[in-house]
Amino acid sequence: MSGSKRAAAPTVEQINADVLTQLASNYWAPHSQLPRKPFDVKVIEDIYRKELLGSKFAIRRVMLLEFSQYLENYLWPNFQPEKSTQAHGLSIAVMINEKFREKVPAWQVFKNNPEHFPAFFRKVLDLSLADESVISIREQALLLTFIIHCFNSLEEDLIREQVQRLLSLAMWVCLLPGRLEQELKTNAKYKKFWGIIKKNDGKADENTLARLNFERHFMSRLIDHFFSILNSIPETGAVSQQKVHYCERFLELMIDMESLLPARRFFNAVLDNAHLVVKCRLSKLAKRKEGKLFTQLLDSLKFYAGFEIDERTGEALTDHDMTNVHYSRITSLQRGAFKYFPELKKFSMANVGSIDTRNKLLSHFEPLSTEKLHEIAAYLHLVRPIDSGETLDKEFLLELLVSRHERRPSQLEALNQMPLYPTEAILWDENIVPTEYFSGEDCLALQKLNLQFLTLHDYLLRNFNLFRLESTYEIRQDIEDSVSRMKPWQAEDGNTIFGGWARMALPITAFSVIEVAKPNIGENHPSQVRADVTVTLNLREAIKAEWEGMRKHDVAFLVTVRPTRPYGTKYSEKEPFIPQVGLCYCRGCEIEGLLGENGEVIEEGIEPRPELKGEVRTYRVWLDPNQYQQDMSKTATGDEDVYESFNIIMRRKPKENNFKAVLETIRDLMNTECVVPDWLHDIILGYGDPGAAHYTKMDTSVWTLDFVDTFLDVNHLKASFPDYEIKVTTDNPALQKPPFKVVFPAKTSGSKRKHNEDKEPEVKGKPLLTVEPYVIPNRGPYPFNQPKKNTIPFTSTQIEAIRAGMQPGLTMVVGPPGTGKTDVAVQIISNIYHNFPEQRTLIVTHSNQALNQLFEKIMALDIDERHLLRLGHGEESLETEKDFSRYGRVNFVLGRRLELLKEVARLQESLGVPGDVSYTCETAGHFFLYQVLSRWEKYLSNVKGKNDVAAIKDDFPFEQFFANAPQPIFHGSSYEEDMEIAEGCFRHIKKIFTELEEFRAFELLRSGADRSKYLLIKEAKVIAMTCTHAALKRRDLVEVGFKYDNILMEESAQILEIETFIPLLLQNPEDGFSRLKRWIMIGDHHQLPPVIKNMAFQKFSNMEQSLFTRLVRLGVPTVDLDAQGRARASICNLYNWRYNKLGNLPHVMLWPEFRMGNPGFHHDFQLINVEDFNGVGESEPNPYFFQNLAEAEYVVALFMYMRLLGYPADRISILTTYNGQKHLIRDVINQRCGDNPIIGRPSKVTTVDRFQGQQNDYILLSLVRTRAVGHLRDVRRLVVAMSRARLGLYVVARVSLFQNCYELSPAFNQLMQRPLQLHLIPGESYPPTRKVTDTVMSAPLVIQNMPHMAQFVYNLYKEKIRMMSGRHMSMPSLRPPAVERRPREERTQKEEPMEAK
């Protein structure tokens, strides 16, 4: 690993003895036993000077203060705009920065006393412009960080109001007069507003004018302040790291502003007017090695400053538009040169293409004097006139003119020429791929995913870069792991030898490039580069099979190592990786296949695979043509040929190895005309009205909806629309039965559609809802003909979610734990299927498990099985015998076709028609037309209108065919009833022939691939896949012509931003428009986000933010489900505070399981305090691999106690917040009870993160940490942890640590109202007999600590064995509890990814 270190968290003892803890106890701590002292400003001054500034803002000191609720309970409540000191304001800024670093909500505190925030913000702005005599550079950098956080929190009204004042049109007062005139000339609207600003300034009083002038000049003055610090850095000699850090932070702020349209609209001209990019490029810092990160940030700023967007309109500019801008700039200069600067006559007469490169421009401008260059720049309004007294050097003027007029490379061309595999230069550059120890303090050369994006190109590009780099981090970990295991050493002869081995890597015995194909037209890189890699598989059979099983398109890495360390040198994780192993090169490749004995690639799918002799294997691989081109260009200039040096090939686990396919998908999207529906475009970019895509604002809204089987009865319907007056079209109660069609009042205001003259009036101020019951036509006499019906009594909020999902537009449903998200999703799918039978719906989820749950519920509703299709590899785990994969559906159709043709043969026989009409679908179609339909029409003409009940039965032509149906078919009670039965029978027959007509294509298409494509693009109406499958297979889906009208996404808050976006574009646009009509997203942003392994991408780049969460932050309307049916009401209270009005469904109070107490426990939930065991609390054998032996023993003892009382093992799950603890608990179970048939193992032992989306009756939870709260401080993780249990939740933790955490206090305050020692009722047994409301007569057994619990369970077990011994010959023994056991810190970590902080 790289040698970066992370600060150790302070222990509880250190915290308690700390001066800050003592101050907190006296002045502001919420759980302090001491009387609180009055506010003393000196306390703030002392803390700031000694503890913050004095420690150089050490993370441990800042963490301690922020965690003690210093900001919430002391700094902000006592802030007074006129009186508060500089230290007070700076302390607040430091605490806010720490909250952002810890990724906890930062701005809530200002909702108390919001009227003071403008004064505080102004204080920050004033201090950020002060010189070093007032405030140090380190403190100024902290203030810059605070301002950056403000710019990234524009969804907060309080922040937005202050920030917008700095970024208005009025800031153009800072522009040069000529430049200002030029800008206003190009936009008449701005010129008009400028006149209004000037007019208002004339009326303003002195104080207002002073405030306005400060705000207008602030950004310009901040840039000047930055220049003064930048220019103070020398080119050689010692440099202040604080100044370098300040400059980096400043560029980060500039990048953030330039990448936000509202910020850059007017600021871009101010930035350009200050020539920031040019001055930074020429600065001394850019020439120093310390300026590496500064230069990388500057490249990013240059990219955004010249981004392809029209600032005024927000429209994306095409390559053609950018070329026009470039041409107009250079021709304008040519015209001026021709008129005023005869020295440039040759330049002014040349054509643009011959002079717009850097070298050509320099050749024209370099011979000119400094004064002449100054005149040209002044003519272009780039600098002040020469007579203004401003002196500028020639280097600056040349760079200014050249950089402004040189031809810009196309962003898209640069992207298409970028290699997709990371190389050693990127893999180990910690500015762009930081180590796992990223603390959140430093600035990085990474882009950010925040609220808004400039254009779709910007949106895709940021996601592309971040996805690529996040994959790079994981690749780096894999390479470091595999190569270090191989132990490359230098032999005595200088060659490389390998002293170890790795499962995922092998030494290369031969490598040769075998094909470099000619470039495609318009490209400069080869169209294809192929190579052969030879290895020796001298391995165990299982591992050998893994290598031989590598599939086409699997990605591998080719590595060159040249170690300098002699044989036997020990590898150290603490030292930098590259020098130890001598890694020189790393290149990616894609497997084409294994070569057979004939030298040809063995094709996939050939069964059985040919067996190869010996152990030598050769793989044919594709190399990256872009990378090959770049490497060969360097080789041509004298560098080493990389491709003759490889000596290791490394493979990766297939599940973690799909990054290249996803990157190719994103790049494909950027190269196609990315058509997002008009109604979604601005919302995805984060602009305009957040509610614009809600169905109430869509012109395509449907006002009459068939709710099919959604409602159980008319009373359910009435209860579902409490805000409407309900009018049923029939007064007969017998006819008021579902299904119902509902007519909603059409919108009036702002609608373009014409409404009917006879629109229903509103009643008593409530809008009127017209309900029309209807009868589903009889489908036939067989029991399977009866439609499946919904049985769930949906709540009014769930009905609103279903209604919104049926309407066109964007529907977002926030589903707290246990609120029936999946049931709502399934009902929406069913209702769309019935209301819009010609439309196709795509279902996307994060996991295969969620997709399978959804599918199993869909199958229980009235959706024809032949219209369901499941793509991807997860269908194996569907708990059904039916196969919904592509080939499974093809087999289903072929089998169904044979079944139906048998029915046709039976019908033919019953009618006495000769011939073989059931041979094909085509012959069956003719039979229906000429024999079946004619008989039916004749029958109808005989019985219609005669009102003869007997004739219906007597003349029925298909009586013999339906002889196998339940008899009698006709009841003879009424003409209407029997006629409907007869028509139902014919509908059954007609459906047989309709299905056969659909299956005709399968007789014409012979191959399985063609049949499955037909199924995908024609037959299936509901298609399901995971977001990963969509990202991997987009190109294939588009090529076969896949089409869909609606998307429903489950688990939306767990899907990466880009993986949520890709499913919108799995089809080609029609006539330039997307056919997408509905997008339903169901998720819960209060639960855990997508998993991002690298902390830097998670914290700095905000990559863990899902699109669902971003849209919620933007204010897009959501339907919040508000009634849960999973957990007891008491357990629900532990997390329902996080949601807006989350209540309980009636059954939570009524069902017996919720009304009974938990046998053997005094409480249905309890927080149990666990102290150190043998002086040890948490331990950390490996980074972030946290363990706590005392808690592990306690939860296992608790599990054993429950099993001894008779609780079923499958109803108990053990959860923990760290992977290390999960392994430790499994170890303890294996030692204590795993193989004991009386006790066994719980349903699951896993982490909270892995258990999201699952539930169990009883949850035992270990929180592990005793020194710092760690990642449980993320409230989303707490919500998941508290909401997994239905009937019982028992949490073991160090209470003194968690009780002080501000974010967790709503849950922990409730947990701490009950005793903190476990209270048991040992005399009870499972199943429960005691009601929750019953009083327990006997005193509970209070468990003092973990050894007490272990001993108690051991004794209980012995007692149980004694009682059972009379009935059994031999009983298993239980190991006695080890009260003096050695802590298990020496335990090694298993080879699997850490689910770390």
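Structure shown above.
We now turn to the structure provided with this report. (Residues numbered from 1 in each chain as written. Predicted model: local features only at pLDDT ≥ 70, side-chain atom pairs only at ≥ 80, totals over all residues. Heavy atoms only, no water.)

1. Side note on the overall build of the protein
Then comes step 1: Across its full length, the protein holds 52 helices and 30 strands.
Then comes step 2: Relative to a compact globule of 1397 residues, whose C-alpha radius of gyration would be 34 Å, the protein shows 36 Å and is just as compact.
Then comes step 3: Seen along its three principal axes, the alpha-carbon backbone of the protein occupies a region of about 115 × 85 × 85 Å.
Then comes step 4: Counting only residues that meet the buried cut, the protein has 56% of its 1397 residues in that class.
Then comes step 5: Contacts spanning at least 24 positions in sequence make up 77% of the contacts within the protein whose residues lie at least 6 apart. (Helix = DSSP H or I, 4+ residues; strand = E, 2+ residues; numbered from the N terminus. Rg over C-alpha atoms; globule rule 2.2 N^0.38 Å. Buried < 20%, exposed > 50% of the residue type's maximum accessible area, 1.4 Å probe, protein only. Contact = heavy atoms within 4.5 Å.)

2. Notes on the sheet that holds strand β11 (residues 740-743)
Then comes step 1: Taking strand neighbours across the sheet as the criterion, the four strands line up as β9-β11-β12-β10 in an open arrangement whose pairing is mixed. Single-partner strands in this sheet number two, and they are β9 (704-706) and β10 (725-728). Between one strand axis and the next, the sheet turns by 25° as a mean value, whatever way the strands run.
Then comes step 2: Where β10 lies against strand β12 (residues 768-773), four bridges are found, and the strand directions are parallel. Residue pairing for β12: V728 is matched across the bridge by V771. (Pairing = 2+ DSSP bridges. Axes fitted to C-alpha atoms, helices over the stretch in contact; angles between N-to-C directions.)

3. Considerations on a nonpolar patch on the surface
Then comes step 1: A contiguous nonpolar surface patch, about 330 Å² in accessible area, is contributed by M1149, L1150 and W1151.
Then comes step 2: Along the polypeptide, L1150 turns up in helix α45 (residues 1147-1150). (Patch = residues over 30% accessible without salt bridge, like charges linked within 9 Å, V, L, I, M, F, W, Y side chains within 5 Å. Areas by Shrake-Rupley, 256 points an atom, 1.4 Å probe, with all protein chains shown as cover. Salt bridge = Lys/Arg side-chain N within 4 Å of Asp/Glu carboxyl O.)

4. A short note on the sheet that holds strand β14 (residues 841-845)
To summarise the sheet geometry, strands pair through backbone hydrogen bonds and adopt either a parallel or an antiparallel arrangement.
Then comes step 1: The parallel open sheet is built from seven strands, whose spatial order is β15-β16-β14-β17-β18-β13-β19. The open sheet is flanked by β15 (868-870) and β19 (1119-1120), the only strands paired with a single partner.
Then comes step 2: The sheet contact formed by strand β13 (residues 809-814) and strand β18 (residues 1078-1083) spans six bridges and is parallel. Opposite V814, over in β18, you have G1083 as the bridge partner.
Then comes step 3: Packing against the sheet, helix α32 (residues 821-835) makes contact with β14, β16 (1022-1026), β17 (1046-1049) and β18, and its axis sits at approximately 165° to β18.

5. What about the packing of aromatic side chains?
Then comes step 1: Scanning the entire structure with this criterion turns up 74 aromatic pairs.
Then comes step 2: With a centroid separation of 5.7 Å and an interplanar angle of 90°, the aromatic rings of F1161 and Y1201 are classed as edge-to-face. With F1161 in the loop between α46 (1152-1155) and β22 (1165-1169) and Y1201 in helix α47 (residues 1189-1204), this pair connects stretches of sequence that are 40 residues apart. In this pair, the class of F1161 matches that of Y1201, namely buried.
Then comes step 3: When the ring centre of F836 is taken as reference, the NZ or CZ atom of R1078 above it lies at 4.3 Å.
Then comes step 4: Across the ring face of F1186, the terminal group of R1265 is positioned such that the distance to the ring centre comes to 3.7 Å. (Phe/Tyr/Trp six-rings, centres within 6.5 Å; stacked < 30°, edge-to-face > 60°. Lys NZ or Arg CZ within 6 Å of the ring centre and 35° of its normal.)

6. With respect to the environment of C1132
Then comes step 1: Within the secondary structure layout, C1132 lies in helix α44 (residues 1129-1132).
Then comes step 2: With 564 residues separating them along the chain, C1132 and G568 place their C-alpha atoms 59 Å apart.
Then comes step 3: Residues in contact with C1132, not counting those within four places in the same chain, are Q1124, A1127, L1142 and N1144.

7. Re the pattern of salt bridges
Then comes step 1: Throughout the structure, instances matching the rule amount to 88 salt bridges.
Then comes step 2: A salt bridge links R896 to E899, with the shortest nitrogen-to-oxygen separation between them at 3.4 Å. With R896 and E899 both in helix α34 (residues 886-911), this residue pair falls three residues apart, about one helical turn.
Then comes step 3: R1277 is paired through a salt bridge with D1249; the nearest N and O atoms lie 2.9 Å apart. Taken as a pair, R1277 in helix α49 (residues 1275-1282) and D1249 in the loop between β26 (1244-1247) and β27 (1256-1262) lie far apart in primary sequence, 28 residues in all.
Then comes step 4: R1277 gets classed as buried once you look at its relative accessible area, which sits at 9%.
Then comes step 5: Within this structure, D864, R866, R896, E899, K991, E995, E998 and E1019 form a network of salt bridges that share partners.

8. Things to note about helix α10 (residues 177-185)
Then comes step 1: When α10 is considered as a whole, its buried residues turn out to be G178, R179, L180 and L184.
Then comes step 2: Structurally, α10 contributes buried residues whose contacts are with α11 (188-203), α14 (261-273) and α21 (394-405).

9. Observations concerning the packing of α47 against helix α48 (residues 1219-1232)
Then comes step 1: Contact geometry for α47 and α48: axes closest at 9 Å, N-to-C directions at 50°. Between α47 and α48, the crossing angle belongs to the class labelled oblique. For α47 against α48, the interelement crossing comes out right-handed. Contact with α47, carried on its side by L1189, E1191, A1192, E1193, V1195, V1196 and M1200, involves Q1221, L1224, I1225, V1228, I1229 and R1232 of α48 and no other residues of that element. (Parallel < 35°, antiparallel > 145°, perpendicular 65-115°, else oblique. Left-handed = near helix turned anticlockwise from the far one by under 90°.)

10. Some words on the nonpolar core
Then comes step 1: If you look at the biggest cluster of nonpolar residues, it comprises 244 residues, and the most contacted ones within it are W172, F226, L276, L810, F958, F1061 and W1079.
Then comes step 2: At 13 residues, helix α24 (residues 456-486) tops the list of elements feeding residues into this core.
Then comes step 3: The contacts of W172, once residues within four sequence positions are left out, are L180, E183, L184, Y190, W194, R265, F266, A269 and V270.
Then comes step 4: Grouped together as the second largest cluster of nonpolar side chains are 48 residues, I1168, A1197, I1239 and I1361 included. (Core = buried A, V, L, I, M, F, W, Y, C linked by side-chain atoms within 4.5 Å.)

11. With respect to the side chain of H716
Then comes step 1: Locating H716 in the fold gives a position in helix α30 (residues 714-720).
Then comes step 2: Among the polar contacts made by the side chain of H716, one reaches the main-chain amide nitrogen of L712 at a distance of 3.0 Å.
Then comes step 3: Those residues in contact with H716, other than ones at most four positions away along the chain, are T710, F711, I792, P793 and F794. (Polar contact = N/O pair within 3.5 Å; in protein donor to acceptor, adjacent residues only side chain to side chain.)

12. Remarks on the pairing of β14
Then comes step 1: Of all five residues making up β14, five are buried, and the element is well covered by its neighbours.
Then comes step 2: By the alternation rule, side chains of β14 split into T841, I843 and T845 and L842 and V844, which are all buried.
Then comes step 3: As judged from the five bridges shared by β14 and β16, these two strands associate in the parallel manner. Among the inter-strand pairings, V844 is bridged to a residue of β16, identified as M1025.
Then comes step 4: For β14 and β17, the ladder comprises four bridges, and the chain directions are parallel. Considered in β17, the bridge of T841 is made with N1046.

13. Here we look at the pairing of strand β25 (residues 1212-1216)
Then comes step 1: When you tally the buried positions in β25, you get five out of five residues, the bulk of the element.
Then comes step 2: Side-chain alternation along β25 places I1212, I1214 and T1216 on one buried face and S1213 and L1215 on a second face that is also buried.
Then comes step 3: Of the pairings in the sheet, the one linking β25 to β26 comprises four bridges and is parallel in character. When the bridges of β26 are listed, T1216 appears paired with T1247.
Then comes step 4: A crossover links β25 with its parallel partner β26, the connecting element being α48, and its sense is right-handed. (Right-handed = clockwise from strand over helix to strand, strands pointing away.)

14. Considerations on the environment of E474
Then comes step 1: Inspection of the secondary structure assignment puts E474 in helix α24.
Then comes step 2: Overall, E474 belongs to the buried group, its relative accessible area being 14%.
Then comes step 3: E474 sits 502 residues away from E976 along the chain, and the two C-alpha atoms are 70 Å apart.
Then comes step 4: Setting aside its immediate chain neighbours within four residues, E474 contacts R652 and K1093.

15. Some thoughts on helix α31 (residues 796-806)
Then comes step 1: Burial of α31 is extensive: nine of the 11 residues sit out of reach of the surface.
Then comes step 2: The elements touched by buried residues of α31 are β9, α30, β13, α32, β18 and β19.

16. What to know about empty space enclosed by the protein
Then comes step 1: On inspection of all chains with the given rule, the structure shows seven cavities of 30 Å³ or more.
Then comes step 2: Approximately 170 Å³ is the volume found for the largest cavity.
Then comes step 3: Around the largest cavity, the lining comprises 18 residues; the ones closest to its centre are I255, D256, S259, Q447 and K448.
Then comes step 4: Sorting the residues of the lining of the largest cavity by element identifies α13 (241-258) and α16 (292-305) as the ones contributing at least two each.
Then comes step 5: Its residues assigned to classes, the lining of the largest cavity comprises eight nonpolar, six polar and four charged. (1 Å grid on protein atoms, 1.4 Å probe; cavity = no way out; pocket = protein on both sides within 12 Å on 5 of 7 lines; lining within 4 Å. Points joined across faces, edges and corners; volume = space filled by probe spheres on them. Nonpolar A, V, L, I, M, F, W, Y, C, P; charged D, E, K, R; others polar.)

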